[in-house]
Amino acid sequence: MGFWEDERCEYCGGAIVERRVTLHRKVGDRHALIENVPAGVCRECGTHYYAANVLKIVQESIRGRRKADREVCMPVYSF
């Protein structure tokens, strides 16, 4: 039995399935990507849900308590 099995979306009532997602977070003037984050994702509306222990690891990552796997350069555009 998976963590998200039998769970339903609080917004649309759709089934939630486990997926690996990439999160983007902004911390001050810096940006971070966290890849392969386990999440519950609604099959209907796409809402993401995260377990508390997963969010703790995300926070540790963006606060610099974990070493980044790599760094990437990305273009910035103004509109």
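Refer to the preceding data block for the structure.
These numbers were taken from a predicted model, which means no experiment stands behind them.

1. Re the pairing of strand 2 (residues 30-42)
Then comes step 1: Sheet topology places strand 1 (residues 16-27) next to strand 2; 11 bridges connect them, and they run antiparallel. Bridged to Val 17 within strand 2 is Val 41.
Then comes step 2: Here strand 1 hands over to strand 2 after 2 residues, with Gly 28 in that stretch at a positive phi of 65°.
Then comes step 3: The pairing of strand 2 with strand 3 (residues 48-49) spans 2 bridges and is antiparallel. Paired with Val 41 across the strands is His 48, a residue of strand 3.

2. Points about the nonpolar core
Then comes step 1: In terms of nonpolar packing, the biggest core is built from 9 residues, these being Val 21, Leu 23, Ile 34, Val 37, Ala 39, Val 41, Ala 51, Val 54 and Val 58.
Then comes step 2: The greatest single-element share of this core, amounting to 4 residues, is contributed by strand 2.
Then comes step 3: When sequence neighbours within four positions are dropped, the list of residues in contact with Val 21 reads Ile 34, Glu 35, Asn 36, Val 37, Ala 39, Val 41, His 48 and Tyr 50.

Cut-offs and rules
- Residues numbered from 1 in each chain as written.
- Predicted model: local features only at pLDDT ≥ 70, side-chain atom pairs only at ≥ 80, totals over all residues.
- Heavy atoms only, no water.
- Pairing = 2+ DSSP bridges.
- Helix = DSSP H or I, 4+ residues; strand = E, 2+ residues; numbered from the N terminus.
- Core = buried A, V, L, I, M, F, W, Y, C linked by side-chain atoms within 4.5 Å.
- Buried < 20%, exposed > 50% of the residue type's maximum accessible area, 1.4 Å probe, protein only.
- Contact = heavy atoms within 4.5 Å.

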